[in-house]
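# Coordinate inspection notes
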Amino acid sequence: MSDFLTKEPSLEEYWRGIILFGRNVASYKFALAKTLLELKPESGQLLKLSDIAPIFASNIVQHLKHSPKQTTSLSSKFLKTCQAFSENEIDHQTLIESTVRLGFNNVIDAFHIVGSGEINRKFYIDERSANDGIRITDEFSMLLGNKQSSNLIFEAEARWRLVETAWELNISRNLIAINNDSSTNELFTLDKSKKRKAVTSSRHALNGYQKGKCFYCDTDISIQENLNADVDHFFPHKLKFVPEIGDLVDGIWNLVLSCIDCNRGFNGKFDKLPSLNLLVKLSNRNEYLIKSHHPLRETLISQTGTLHEDRSSFLNKIYQKSLSVTFHTWEPKLN
Ligand SMILES: [Zn+2]
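For the structure given in this document, a descriptive report is provided here.

Procedures and definitions
Residues numbered from 1 in each chain as written. Predicted model: local features only at pLDDT ≥ 70, side-chain atom pairs only at ≥ 80, totals over all residues. Heavy atoms only, no water. Helix = DSSP H or I, 4+ residues; strand = E, 2+ residues; numbered from the N terminus. Rg over C-alpha atoms; globule rule 2.2 N^0.38 Å. Buried < 20%, exposed > 50% of the residue type's maximum accessible area, 1.4 Å probe, protein only. Areas by Shrake-Rupley, 256 points an atom, 1.4 Å probe, with all protein chains shown as cover. Lys, Arg positive; Asp, Glu negative; His and termini not counted. Charge placed at Lys NZ, Arg CZ, Asp CG, Glu CD. Donors = N, O, S within 2.8 Å, 3.2 Å for Na, K, Ca; no water. Salt bridge = Lys/Arg side-chain N within 4 Å of Asp/Glu carboxyl O. Core = buried A, V, L, I, M, F, W, Y, C linked by side-chain atoms within 4.5 Å. Contact = heavy atoms within 4.5 Å. Pairing = 2+ DSSP bridges. Axes fitted to C-alpha atoms, helices over the stretch in contact; angles between N-to-C directions. Parallel < 35°, antiparallel > 145°, perpendicular 65-115°, else oblique. Nonpolar A, V, L, I, M, F, W, Y, C, P; charged D, E, K, R; others polar. Phe/Tyr/Trp six-rings, centres within 6.5 Å; stacked < 30°, edge-to-face > 60°.

### Some words on the overall build of the chain
Scanning the chain for helices and strands turns up 13 helices and twelve strands. Its C-alpha radius of gyration of 21 Å places the chain within 12% of the 20 Å reference for a compact globule of 335 residues. Dimensions of the chain along its principal axes, counting C-alpha atoms only, are 65 × 50 × 35 Å. Within the chain, buried positions represent 54% of all 335 residues. When the accessible surface of the chain is split by element, carbon and sulfur atoms take 51% of a total near 15700 Å². One finds the centroid of the 41 positive side-chain charges in the chain at a distance of 4 Å from the centroid of its 40 negative side-chain charges.

Below is the structure:
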């Protein structure tokens, strides 16, 4: 994620680094992220494990209902307890006690670790040994106060859905492909028997990798109720009729979120081909998807190439072909 962070990274960049780029072995990080965003604690507030446990456990229980695999390890005592609660074998009080005892062992320490080390900013301080909980930092309340904060819960949920879908399918990673349904803008995949499985909203899955901005003009996007975000084909959909391009245009590699003005406003893009410097931006965005690990990584690699060079030449080839058909290019009018 090193190149995802700018020179002076914003708090959202750090947060998205945690959620979008970790090499996950369990879903606890997503559950904790969602729990914090739901609880909205204030700076300096002590959250006891017993305060966090009910929402944390409820998030896991909800996900277990559709995705029984929530970790790559073979067994987890905590997950078994959540499962037992789902099946009415234990009561809520037992679930909460068990969550306090077992649920946070591998997540509170690991939350701020991305790649090989901890990130520089912390959203809480671990005070489990002194106070049985975590202390919320200024960084977390500043994060909540930012324009982007309403998007973060959707992004965490979408990333969680993608990761658990990859675990659940348990098929060779090379065969996992995430597709977009262009009528609903929902991502789906096919299971072993080629049955379609819904995953998550394309908007929610893509937004974080664009840092919550319109791909073209960098206006803030709100994905809450899809307020101002269109899912746009960077290479316009009409290129589907060019034989060398065809169905490739529907791949996730070609989908970006655009503000409504850029996509279809006055001087909007509509079905024009974006300029060459926007192609560079697409290439960077796609590299972020690759670095997010499964399942978008496998999807992007199968669509655009294994090595960085392969992917660049893929994009350039499509670009040259498109230009030979469209002749003109488009850029947003920036004020
Ligand atoms: Zn825009």
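That shown, we press on.
### So, the coordination of the zinc ion
Within the protein, the atoms that donate to the zinc ion are Cys214 (SG), Cys217 (SG), Cys259 (SG) and Cys262 (SG), at distances of 2.3 Å. Along the chain, the residues donating to the zinc ion are arranged with the sequence spacing C-x2-C-x41-C-x2-C. Residue cysteine 217 is located in the loop between α9 (202-207) and β9 (229-233), and its partner cysteine 259 is located in strand β10 (residues 255-259); the two are separated by 42 residues in the primary sequence. By relative accessible area, which is 6% here, cysteine 259 ends up buried.

### Overview of the pattern of salt bridges
On inspection of all chains with the given rule, the structure shows 22 salt bridges. The residue aspartate 220 makes a salt bridge to lysine 147 at a minimum N-O spacing of 3.4 Å. Taken together, the residues aspartate 220 in the loop between α9 and β9 and lysine 147 in the loop between α7 (138-145) and α8 (149-169) connect sequence positions 73 residues apart. Among the charged side chains, a network of salt bridges with common partners joins Asp109, Asp126 and Arg128.

### Section: the nonpolar core
By size, the foremost hydrophobic cluster in this structure holds 90 residues, and its most contacted members are Trp15, Phe56, Ile60 and Phe235. For this core, the leading source of residues is helix α3 (residues 49-66), giving eight residues. For tryptophan 15, the contacting residues outside a window of four places in its chain are Ala33, Leu37, Phe111, Phe123, Phe140, Leu143 and Leu152.

### Points about the sheet that holds strand β6 (residues 179-181)
Spatially, β6-β7-β8 is the arrangement adopted by the three strands of the open sheet, whose pairing is antiparallel. The open sheet has two edge strands with one neighbour each: β6 and β8 (196-201). Pairwise comparison of adjacent strand axes, ignoring direction, gives a mean angle of 40 degrees for this sheet. Bridge count for strand β7 (residues 186-190) against β8 is five bridges, and the pairing is antiparallel. Pairing of leucine 190 across the sheet is with arginine 196, part of β8.

### Describing the sheet that holds strand β5 (residues 133-136)
Strand order across the open sheet formed by three strands is β1-β5-β4, with antiparallel pairing between neighbours. Looking along the sheet, the strands with just one partner apiece sit at the ends: β1 (46-48) and β4 (124-127). Adjacent strand axes in the sheet meet at a mean angle of 25 degrees when their direction is disregarded. Pairing geometry for β4 and β5, over four bridges, is antiparallel. By the bridge assignment, glutamate 127 is partnered in β5 with glycine 133. On the sheet, α3 packs against β1 and β5 and is oriented at approximately 65 degrees with respect to β1.

### What to know about the packing of helix α11 (residues 276-291) against helix α12 (residues 296-304)
For the pair α11 and α12, interaxial distance at closest approach is 6 Å and the crossing angle is 130 degrees. When the interaxial angle is binned, α11 and α12 end up oblique. Facing Asn286, Leu289 and Ile290 of α11, the residues of α12 in contact are Leu296, Arg297, Leu300 and Ile301. Here the contact of α11 with α12 is composed, by residue class, of five nonpolar, one polar and one charged.

### Quick notes on the packing of aromatic side chains
Throughout the structure, instances matching the rule amount to 19 aromatic pairs. Here the aromatic rings of phenylalanine 21 and tyrosine 288 are separated by 6.4 Å at their centres, their planes lie at 90 degrees, and the arrangement is edge-to-face. In this pair, phenylalanine 21 is assigned in helix α1 (residues 11-21) and tyrosine 288 in helix α11, connecting sequence segments 267 residues apart. Overall, the relative accessible area of 13% leaves tyrosine 288 in the buried class. Note on phenylalanine 56 and phenylalanine 78: the rings are 6.0 Å apart at their centroids and 20 degrees apart in plane angle, and the pair reads as stacked. Linking phenylalanine 56 in helix α3 with phenylalanine 78 in helix α4 (residues 77-86), this pair joins segments that are 22 residues apart in sequence.

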